[in-house]
Amino acid sequence: MPEFITNLTVKQIKDLVVSLNEPAYRAKQLLGWVYRKLAVSWDEMTDLPLSFRQKIADQANLHILTPIHEVKAKDGTVKILFGLPDGKTVETALMKFKAVDGKHRYTVCVSTQVGCPIGCPFCATGQQGFERNLTPGEIIDQVLYFARRLQDNSKGREGEKIDNIVFMGMGEPLANYDALWQAIEMLNSKDGFGLSARSMTISTSGLVPGIKRLGGEKLQVGLAISLHATDDKLRNQLVPVNKKYPLAELVPACREYFAQTGRRVSFEYALFDGVNDSFSQAQALADLLQGLNCHVNLISANSTANQTLQPSPGDRVLSFQQALQTRGITCTLRQSRGQDIDAGCGQLRSRFLTQKSR
Ligand code: SAH
Ligand code: SF4
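Residues numbered from 1 in each chain as written. Chains lettered and ligands numbered in written order. Predicted model: local features only at pLDDT ≥ 70, side-chain atom pairs only at ≥ 80, totals over all residues. Heavy atoms only, no water.

Attention now moves to the overall build of the protein. Along the protein, the regular secondary structure elements total 11 helices and 14 strands. Against the compact-globule benchmark of 21 Å for 358 residues, the protein has a radius of gyration of 21 Å, which places it among compact chains. Taking the principal axes of its C-alpha atoms as reference, the protein extends roughly 70 × 50 × 40 Å. Counting the 358 residues in the protein, one finds 55% classified as buried. Contacts in the protein between residues far apart in sequence, at least 24 positions, make up 65% of those at least 6 positions apart. Carbon and sulfur atoms make up 51% of the accessible area of the protein, which amounts to about 15,800 Å² in all. Averaging the positions of the 42 positive and the 35 negative side-chain charges in the protein gives two centres separated by 2 Å. (Helix = DSSP H or I, 4+ residues; strand = E, 2+ residues; numbered from the N terminus. Rg over C-alpha atoms; globule rule 2.2 N^0.38 Å. Buried < 20%, exposed > 50% of the residue type's maximum accessible area, 1.4 Å probe, protein only. Contact = heavy atoms within 4.5 Å. Areas by Shrake-Rupley, 256 points an atom, 1.4 Å probe, with all protein chains shown as cover. Lys, Arg positive; Asp, Glu negative; His and termini not counted. Charge placed at Lys NZ, Arg CZ, Asp CG, Glu CD.)

The following block contains the structure:
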């Protein structure tokens, strides 16, 4: 199978260009076409000699993803199910926010694996089991696809572009560290997509070795921890990887991450009715995070197939938030986006898998 261009690092692209007996500066031109002008075909790259375009087309493909299905929510969130070269599927969401200046900001929510090995019982992806890691190009192409759409849609208008990338789609990003990091480097590189590291956030279920490795990286991307519980007994059930990396290891790893990087850690806490939303659990959360420079995102959970894990009622969500704020913990309430279109990552794919098996 030919290679996909987005699977190659900047250095590998330079080496490829040189191996095709082309001057090295062609690598920069090629990268510019792929990552800045967001080309959809080799033919577009008109300032590259035809002979070079033909040679490179023999060696590599430009596209990996095939959009299979698209849904659009009332709040502007667009979600796409993509087909991969081996017939598997992943989903990616583009979320639209209105900023104070009246302009729109766009965040793309990217998948890193097909399925997920962690198996959280409230998560549609977790219920699908794990199939495989995505390659760097499969991760990058999700971003390029939406960047291209925004570019096409905004002809004549200014500033419709991807502002943030969150690795919060299907899969556990830190369980696919090498591919994730290669993708992040290219998305950040001045020769590549050129988005600042600060505009990217990795969300993890709490893989402590990955968090430690991240703390030592030069690029400082944001870190979000999907906490959801404040004691090991409950967290073992909600986020089963807690059995391997319990809170007594996870929270100190976050403190160390802050000490190393100076970057405030975010904690995601989805509220489930009667499970993790009591006043005493809010106090326990405040105790756990005491003195840590962090931010808590309270999420009103998406309803799940699991009867015992249903969203907390609105008044309980507000009381939980108040309890945290009284204790000096900064927290915001995040409404789940795209509720009307199976918002939680994995839900669209779940629906497709069910239909296929019928
Ligand atoms: N695997 C990583 C990133 C992908 S999941 C992680 O777990 O962090 C992205 C976020 O969606 C996580 O915070 C996850 O806990 C949350 N999530 C999954 N299913 C949900 C649901 N039904 N309701 C609310 N949040 C959910
Ligand atoms: Fe995996 Fe995250 Fe879903 Fe848990 S919440 S199963 S870690 S994708």
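From this point on, the discussion continues.
This part takes up the packing of aromatic side chains. Overall, the coordinates contain six aromatic pairs when judged by the stated rule. Centroid distance F82 to Y145: 5.0 Å. Interplanar angle 80°. Geometry classified as edge-to-face. A residue pair is termed long-range when its members are at least 10 positions apart, and F82 in strand β4 (residues 78-83) and Y145 in helix α4 (residues 136-153) qualify at 63 residues. By relative accessible area, which is 16% here, Y145 ends up buried. Judged by centre distance (6.1 Å) and plane angle (25°), the rings of Y177 and W181 are stacked. Highlighted residues: Y177 and W181, both in helix α5 (residues 177-188), separated by four residues, approximately one helical turn. (Phe/Tyr/Trp six-rings, centres within 6.5 Å; stacked < 30°, edge-to-face > 60°.)

Our next topic: the site of ligand 2. What surrounds ligand 2 is the set C116, I118, G119, C120, C123, G126, G171 and S205. For the shell around ligand 2, the class distribution of residues is four nonpolar, four polar and no charged. (Near = heavy atom within 4 Å. Nonpolar A, V, L, I, M, F, W, Y, C, P; charged D, E, K, R; others polar.)

Pairing of strand β3 (residues 66-72) with β4 involves six bridges; the strand directions are antiparallel. Bridge pairing in β4 places H69 opposite L81. Turn length for the β3-β4 hairpin, with the two strands adjacent in sequence and antiparallel, is five residues, and the turn residue G76 shows positive phi of about 95°. (Pairing = 2+ DSSP bridges.)

Taken as a whole, this structure holds 16 salt bridges when the rule is applied. A salt bridge links D191 to K28; its shortest N-O distance comes to 3.6 Å. Of this pair, D191 sits in the loop between α5 and β10 (200-204) while K28 sits in helix α2 (residues 25-36); the two residues are 163 residues apart in sequence, bridging distant segments of the chain. When its relative accessible area of 53% is taken as the criterion, K28 is described as exposed. Notably, a salt bridge pairs K79 with E91, separated by 2.9 Å at the nearest N-O pair. Taken together, the positions of K79 in strand β4 and E91 in strand β5 (residues 89-98) put the pair 12 residues apart, joining distant regions of the chain. For K79, a relative accessible area of 1% corresponds to the buried category. For E91, a relative accessible area of 0% puts it in the buried group. (Salt bridge = Lys/Arg side-chain N within 4 Å of Asp/Glu carboxyl O.)

Once that is clear, we can look at helix α1 (residues 10-19). Helical geometry: 3.6 residues make up each α-helical turn, so side chains three or four residues apart lie on a common side. If you check which residues of α1 are buried, you get V10, I13, L16 and V17. All buried residues of α1 project into a common sector of 120° when viewed along the axis, lining one side. Those residues of α1 that are exposed and aimed more than 90 degrees away from the buried face are K11 and S19. Buried residues in α1 make contact with α2, α3 (50-59) and α5. The first or second residue beyond α1 is N21, which carries a positive phi of 60°. (Arc of directions from axis to C-beta.)

Our focus in this paragraph is the side chain of T77. By the element assignment, T77 lies in the loop between β3 and β4. Looking at T77, the relative accessible area reads 3%, which means it is buried. Only 2.8 Å separates the side chain of T77 from the side chain of D75, close enough to count as a polar contact. (Polar contact = N/O pair within 3.5 Å; in protein donor to acceptor, adjacent residues only side chain to side chain.)

On to the site of ligand 1, then. Near ligand 1 you find 17 residues, and of these G171, S203, S226, H228 and N302 are the closest. T204 is positioned with one of its backbone polar atoms (N or O) 3.4 Å from an oxygen atom of ligand 1. The contact in question runs from an oxygen atom of ligand 1 to an N or O atom on the side chain of S226, over 2.6 Å. Protein chains shield 88% of the accessible area of ligand 1, which is 530 Å² for the free molecule. Residue assignment for the shell around ligand 1 shows that the elements contributing at least two residues are β10 and β12 (265-271). For the shell around ligand 1, the class distribution of residues is six nonpolar, nine polar and two charged.

In space, the 10 strands of this open sheet follow the order β3-β4-β5-β6-β9-β10-β11-β12-β13-β14, with mixed pairing throughout. Looking at the sheet topology across the chains shown, the edges are occupied by β3 and β14 (331-334). When the angles between neighbouring strand axes are averaged without regard to direction, this sheet yields 25°. Alignment of β12 against strand β13 (residues 294-300), held across seven bridges, turns out to be parallel. The residue of β13 that forms the bridge with A270 is I299. Sheet strands touched by α4: β3, β4, β5, β6 (104-109) and β9 (162-167). Its angle to β4, the strand with the most contacts, is close to 130°. (Axes fitted to C-alpha atoms, helices over the stretch in contact; angles between N-to-C directions.)

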